[in-house]
Amino acid sequence: MSTDKLVPNDPRVKYESTQVNGKTYSYVLGEPTTGGESKGLVFLVHGFPDLSFGWRYQVPYLTSRGYRVVVPDQLGYGGTDAPAAAEEYTLKKLSDDVAALARKLVGDDGQIILGGHDWGGALVWRVALWHPDLLRGVFSVCTPFSASNPQFFALEDIIAAGKLTNFTYQLHFKGPEVEEKIQGEDKVKQFLNCMFGGHGANGERGFDTAKGVLFDNLDKLSKTRLLSEEELNHYVERYMAHPAPQLRGPLNWYRTQRLNWEDEKELAGRPGGVKIETPALFIAASGDEALPPSMSAGMDKYFGKLSRDEVNASHWALTQAPGEVNKSIGAWLDELDG
Ligand SMILES: O=C(NCCCc1ccccc1)N[C@H]1CC[C@H](OCc2c(F)cccc2F)CC1
């Protein structure tokens, strides 16, 4: 099998669906192409606004190195259910879904190697805290680990104090406006094109981490160079499979900050505090405007065995620097399996 990126509805992988904690999850399943026993199961978690398709450059690479690969559409996306209630999207519930799906694939005593990008990266660190026995290894692309504070600080207050201003767009995402205004095929296509880097002839942007979505620019943007027309249309088709407002599920991931803090008070109270002993890899993206590498300063103290790497790419490192990302993950896997 070629190790070229997956195309929409690629015949090289299987498309499965199953019930997980009362919800339908759909996922892509790739079998090792090396023949013989698989070296283990790699489970990949995408971010916002993405799909399992976001890992298309990594799946063939990993199956060619002897791994089985499972890539779900996360809650709210693609062929997976999109409950309307934001409470369904806490990182603890999403972690329990990852564990339940993984157990269906590797059995109650099996283990997986878990990787995430963006919100998927935030989630995999939480899975390592809630379900440490499940993991043989854990990695995140772009998203550093951030420990929960003993005291709750609302994002609104943090930003009002001039901190984390690169997260200002999240106040826009958690509010009603983006969900209300980005509905229907044309708007969803313009929004996705914008988030994946489309820009205007004079450098106009439709998204700014320090502001949010600039609605008036959305129909002025050229097509992003990060996706082919066929790939962008695949994203739109999968997002339009959900009833309006199509972004409600994906945006619900931004509406659980206080609930996540409530859940994690228990973790903060553990003897020795929060510590991830699972062998871990963090790959920073040098040009990520939402998650600059500097945000990862100080995360090492929460890990027993953390490897670090950095790729020269924007937030969309998986598709913009796939060779670098794959090489980094591959070297870490070789050491893990060494
Ligand atoms: O919003 C995200 N992606 C959409 C924007 C993508 C984009 C960026 C740049 C250009 C174009 C597009 N990603 C989230 C992922 C979770 C991150 O929060 C991590 C976290 C926790 F999980 C828990 C406690 C604190 C904490 F910071 C915050 C960014």
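Residues numbered from 1 in each chain as written. Predicted model: local features only at pLDDT ≥ 70, side-chain atom pairs only at ≥ 80, totals over all residues. Heavy atoms only, no water.

Draft legend 1. Local environment of the overall build of the protein. On a plain count of helices and strands, the protein comes out with 12 helices and 10 strands. Here the C-alpha atoms of the protein give a radius of gyration of 19 Å, agreeing with the 20 Å that 2.2 N^0.38 yields for 338 residues. Each principal axis of the C-alpha atoms in the protein carries an extent, and together these give about 55 × 50 × 40 Å. Of all intrachain contacts in the protein linking residues separated by at least 6 positions in sequence, the fraction that spans at least 24 positions is 75%. On the protein, roughly 13,900 Å² of surface is accessible, and the fraction owed to carbon and sulfur atoms is 50%. Treating the 35 positive side-chain charges of the protein as one cloud and the 45 negative ones as another, the clouds have centres 2 Å apart. (Helix = DSSP H or I, 4+ residues; strand = E, 2+ residues; numbered from the N terminus. Rg over C-alpha atoms; globule rule 2.2 N^0.38 Å. Contact = heavy atoms within 4.5 Å. Areas by Shrake-Rupley, 256 points an atom, 1.4 Å probe, with all protein chains shown as cover. Lys, Arg positive; Asp, Glu negative; His and termini not counted. Charge placed at Lys NZ, Arg CZ, Asp CG, Glu CD.)

Draft legend 2. Summary view of the pattern of salt bridges. Per the stated rule, a full pass over the model turns up 22 salt bridges. Two residues, E31 and K14, come together in a salt bridge whose shortest N-O distance is 3.3 Å. Here E31 is found in the loop between strand 2 (23-30) and strand 3 (41-45), whereas its partner K14 is found in strand 1 (residues 14-20), with 17 residues between them in sequence. Given the relative accessible area of 31%, E31 is considered partly exposed. Residue K14 is classed as partly exposed on the basis of its relative accessible area of 41%. A salt bridge links D337 to R136, with the nearest nitrogen and oxygen atoms 2.6 Å apart. Here D337 is found in the segment after helix 12 (322-336), whereas its partner R136 is found in strand 6 (residues 135-141), with 201 residues between them in sequence. A cluster of three or more residues bridged by salt bridges with shared partners is formed by K5, R56 and E231. (Salt bridge = Lys/Arg side-chain N within 4 Å of Asp/Glu carboxyl O. Buried < 20%, exposed > 50% of the residue type's maximum accessible area, 1.4 Å probe, protein only.)

Draft legend 3. View of the site of the ligand. Taken together, 14 residues lie around the ligand, and D118, A122, S146, Y169 and Y254 are the ones closest in. D118 is positioned such that a nitrogen or oxygen atom in its side chain is 2.7 Å from a nitrogen atom of the ligand. The protein chains hide 85% of the 650 Å² of surface that the ligand would expose on its own. At a threshold of 2 Å from the grid points, most atoms of the ligand map onto the largest pocket. Secondary-structure elements contributing two or more residues to the shell around the ligand are helix 3 (119-130) and helix 5 (168-174). Here the residues of the shell around the ligand are counted per class, giving 10 nonpolar, 3 polar and 1 charged. (Near = heavy atom within 4 Å. Polar contact = N/O pair within 3.5 Å; in protein donor to acceptor, adjacent residues only side chain to side chain. 1 Å grid on protein atoms, 1.4 Å probe; cavity = no way out; pocket = protein on both sides within 12 Å on 5 of 7 lines; lining within 4 Å. Sits in = over half its atoms within 2 Å of the grid points. Nonpolar A, V, L, I, M, F, W, Y, C, P; charged D, E, K, R; others polar.)

Draft legend 4. Structural detail: the state of the cysteines. Counted under the stated rule, the structure contains 0 disulfides. The closest cysteine sulfur to the non-disulfide-bonded C142 is located on C194, 17 Å from its own sulfur. The exposure class assigned to C194 is buried, which follows from its relative accessible area of 5%. (Disulfide = S-S within 2.5 Å.)

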